[in-house]
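Below, each chain spelled out in residue letters.
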Amino acid sequence: MENKYKYFKRDISWLSFNYRVLLEALDERLPLYERINFISIYSSNLEEFYKIRVADHKAVASGATESDEESVQSARELVEEINREVNRQLDDRVRIYEQKILPALQKNHIIFYQDSHVEPFHQQFIKDFFKEEIFPYLQPVPVSKDKIVSFLRDNRLYLAIRLYPKEEGKEGEAIEGIEEKESPILDSSRPPLYFVMKQPYAKVPRFIELPCHEKNHYLMFVEDIIKANLNLIFPGYDVESCYSIKISRDADILIDDTASSADLVAQLKKKVKKRKIGDVCRFVYDRAMPHDFLDFLVDAFHIHRDELVPGDKHLNLEDLRHLPNPSKSLHSPEKPKPMKLTILDEKESIFSYVARKDLLLYYPYHSFEHFIHFLYEAVHNPETREIMVTQYRVAENSAVINTLIAAAQNGKKVTVFVELKARFDEENNLATAEMMQAAGIKIIYSIPGLKVHAKVALIRRRGLNGEKIPSYAYISTGNFNEKTATLYADCGLFTCRKEIVNDLYNLFRTLQGKEDPKFTTLLVARFNLIPELNRLIDREIALADQGKPARIILKMNALQDPAMIDRLYEASEHGVQTDLIIRGICCLIPDQPYSRNIRITRIVDSFLEHARIWYFGNGGNPKVFMGSPDWMRRNLYRRIEAITPVLDPDLRNSLIEMLTIQLADNQKACRVDAKLQNIFKKRTPGTPAIRAQYTLYNRLCSNNTQHPQRPTSHVPQ
């Protein structure tokens, strides 16, 4: 029987999210360089998307791998649909960049050369800079269909050049400025020659600051300076044209997921090194390139036609995050700075505070130093018996890792579960694991067939005379990473409640393969999470059937699992009012007969919304949960995830208040409609402007006193 319920395609939904990121570049209320940074984020996201998701679909489409989720034909069709949508978005990116960003820079006296005109007062500087700073690092490589072709490195920019030998007795024209001349009229006696040339990467910055003139500052792409001086690289030739190209390579690592820990480490060390030489998943080229020029490159580099993705004149716009800001008037206003809680001043022990009351931190509004101090206390507390932590993604030169090493050196027992299969962090996780192991820390590596995505820590304590004293648990929605803790909006809960501490200890024993656990309070994926979610949804359906208020709010990064989406559709059909605050992938389709009571909100702002918070009305006695899992198939069925109920009524109300603020956002919130469009929520006349991240920060600041007011908030029915 055909399922009456329908779903958005996962990757098309993700593209809708990334387009929402791009739309931030249009918001003239933002500082200009913050708008430019959103173009960078959009471009960087798209690069990773092709390396992983599109590469996977191409492997299925080519028959190189098999998939239970899609056929060869459906994979081919999906890649075509993805490319169509990306091309549409790239047209908008060009428009935003050229018609909005560049004029805004010029208005602020920053001239960013883009076209064929360079002012005469910069001509000599460009030539001199090229000769002195760039020319020594250039190595043109000839390209021929009949000979061995040079290897194009992943995500590196190359210039593809077509030229002709000069006719005897005639002087060829040199390219002036960065002017691109029309192809010369040439006879067949001068067959074209082709070269590729990698742009300098480490030796020369992507953006060059030129001398100021009057009150204006000037910037230029390094590739445009190279193009302006091609005649110096190829004396004796007429340079006909030059265009930017790049290749993206498959960055996924296929490993034997059932291998033992030792074999897994060996596999990763070997295969991570091969990531940069993976199969081509897209060939990006300047869309102004003539067809015959492109055809030659396609044949010479053995590019498949479905790997072609037209791009801009300037590729790799993720580099815009490094764009110099020479105008003092354009310094961005400071974002909210992480605050330290007054209740946790230098004289207050976190252990002492949490022994009296649970503690909830909101990152990046609260300082991650509180968590570091929590570990530091454990290191120096004589009653600490063991420190247990999961590691998924940690910062380089991590204060967390350094503190754990200090604990081991101080004689404490330290156990760290290291997830080696955290994509793009494999090398860093391997390195930090080996460093910790050398310091005497017990390392537990990845579980075969699973990823451990839970973000948890446990401080086990015992009195010096053997008496029982409180141990401490920490459950977070984000990684133990002090860098991302200033960029991602997450929550972290400290508690010494016995039921949570005991469950967390059982979870760590499970990670060590020591027992089949029983969890009484924590919800753990692959054990009791899905049964409890079904019970909570059933409770709301029953309330709706009785004519009572029934309410669900789910804040997550992604919603993709069809089984759980079906449960939400079912709840909607019974009248359960449901709000989804989903940042990224959302495969649930709103505005359908079976989803008329479901609304989708997407918030993109200064910080990356990363927290997972779930609210169930429960007949007026709400249940609120926080932790690591999204409702993706991988999170619910193929990972170890942990989420905890928030049992302290003050903290529970605080999270409800946060959800209320986010649903009321009328500045940065969008409604996602049935066509995956991002429809900005409009501010009702006479109502206050609510920008959720800043409103929450101001609320937390006002509560940050010696005797903070208890939040009193409710969720509208």
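Scroll up for the structure.
Every value quoted in this text rests on a predicted model; they were computed, and no experiment measured them.

Cut-offs used in this document
Chains are numbered independently. Their residues run from 1 in the order of the written sequence. Side-chain atom pairs in this predicted model are given and counted only at pLDDT of 80 or more, local residue features only at pLDDT of at least 70, and totals for whole chains, interfaces and linings cover all residues. Processing note: side-chain calculations cover all non-hydrogen atoms of the structure and skip hydrogens and water entirely. The numbering of helices and of strands both runs from the N terminus, where a helix is a DSSP run of H or I of at least 4 residues and a strand a run of E of at least 2. When a residue's accessible area, from a 1.4 Å probe over protein chains only, is under 20% of the maximum for its type it is buried; when over 50% it is exposed; and in between it is partly exposed. We call two residues in contact when some of their heavy atoms are within 4.5 Å. What sets the accessible areas is the Shrake-Rupley method with a 1.4 Å probe; for residues, cover comes only from the shown protein chains. Each axis is a line fitted through C-alpha atoms, taken for helices only over the stretch in contact, and angles between the N-to-C directions span 0 to 180 degrees. Reported orientations rely on four angle classes, namely roughly parallel under 35 degrees, roughly antiparallel over 145, roughly perpendicular from 65 to 115, and oblique for the rest. Following the grouping adopted for this structure description, the nonpolar residues are Ala, Val, Leu, Ile, Met, Phe, Trp, Tyr, Cys and Pro, the charged ones are Asp, Glu, Lys and Arg, and the polar ones are all others, Gly among them. Paired strands are those between which DSSP finds at least two bridges. Any carboxyl oxygen of Asp or Glu that lies within 4 Å of a side-chain nitrogen of Lys or Arg is treated as forming a salt bridge with it. In this text, buried Ala, Val, Leu, Ile, Met, Phe, Trp, Tyr and Cys residues form a nonpolar core when linked through side-chain atoms within 4.5 Å.

Brief notes about the overall build of the protein
Across its full length, the protein carries 18 helices and 28 strands. Here the protein holds 717 residues, and the buried ones make up 58% of them. A fraction of 77% describes how many contacts in the protein between residues 6 or more apart in sequence connect residues 24 or more apart. Roughly 31900 Å² of accessible area belongs to the protein as shown, and the carbon and sulfur atoms make up 49% of that amount.

Considering the side chain of N381
Here N381 lies in the loop between α10 (369-380) and β11 (384-391). Under the relative-accessibility criterion, N381 is labelled buried at 13%. Those residues within four positions of N381 in sequence are excluded, and the remaining contacts are F351, K412 and R461.

Considering the packing of helix α14 (residues 529-545) against helix α15 (residues 562-573)
Where α14 contacts α15, the axes come no closer than 10 Å and their chain directions differ by 10 degrees. The angle between α14 and α15 falls in the class roughly parallel. Contacts between α14 and α15 involve L533, N534, I537, D538 and I541 on the former and, on the latter, M564, R567, L568, E570 and A571. Grouping the amino acids of the contact of α14 with α15 by side-chain chemistry returns six nonpolar, one polar and three charged.

Description of the sheet that holds strand β6 (residues 216-221)
Strand pairs in the sheet, formed through backbone hydrogen bonds, run parallel or antiparallel to each other. Taken in spatial order, the three strands make up an open sheet running β1-β6-β5, and their pairing is mixed. Every interior strand has two partners, whereas the edge strands, β1 (110-113) and β5 (207-213), have only one. Strand-to-strand twist across the sheet, computed as the mean angle between neighbouring axes with direction ignored, equals 25 degrees. Strand direction decides the pairing type here: β5 and β6, joined by five bridges, are antiparallel. Note that in β6 the partner of L210 across the bridge is Y218. Together, β1, β5 and β6 form the strand contacts of helix α4 (residues 120-134), whose direction differs from that of β5 by roughly 145 degrees.

Examining the pattern of salt bridges
In the structure shown here, the tally under the stated rule is 43 salt bridges. The salt bridge partner of E81 is K9, with a shortest N-O separation of 2.7 Å. Taken together, the residues E81 in helix α3 (residues 72-107) and K9 in the segment before α1 (10-23) connect sequence positions 72 residues apart. Residue classification places E81 among the partly exposed residues on the basis of a relative accessible area of 23%. The class of K9 is partly exposed, set by a relative accessible area of 46%. Here K357 makes a salt bridge to D648, at a shortest N to O gap of 3.0 Å. Note that K357 is positioned in the loop between α9 (350-356) and β10 (359-363) and D648 in the loop between β26 (642-645) and α17 (649-664), a separation of 291 residues in sequence. Under the relative-accessibility criterion, D648 is labelled buried at 6%. A single salt-bridge network, built from bridges that share partners, covers R20, E24, D27, R29 and K668.

Notes on unusual backbone geometry
A cis amide bond, omega 0 degrees, links Y363 with the succeeding residue P364. Of note, the phi angle at N155 is positive, near 60 degrees, even though the residue is not glycine. If you trace the backbone, N155 turns up in the loop between β2 (141-143) and β3 (158-165). The phi torsion at N618 lies on the positive side, around 55 degrees, for a residue other than glycine. For N618, the position within the fold is in the loop between β23 (612-616) and β24 (623-627).

Quick notes on the nonpolar core
Note on soluble globular proteins: their nonpolar side chains tend to be buried together. Ranked by size, the top nonpolar core spans 89 residues in total, and within it L105, F112, L559, L580, L588, W614 and W631 carry the most contacts. Setting aside anything within four residues of it in sequence, one finds F112 in contact with Y97, L102, L105, F207, L219, M220, F221, L320 and L323. Of all hydrophobic cores here, the second largest spans 44 residues; its members include L341, I350, V400 and V414.

Points about the pairing of β6
Burial runs high along β6: five of the six residues are buried. Alignment of β1 against β6, held across four bridges, turns out to be parallel. Residue pairing for β6: I111 is matched across the bridge by Y218. Taking the residues between adjacent antiparallel strands as the criterion, β5 and β6 are bridged by two residues, where E214 takes a positive phi near 55 degrees.

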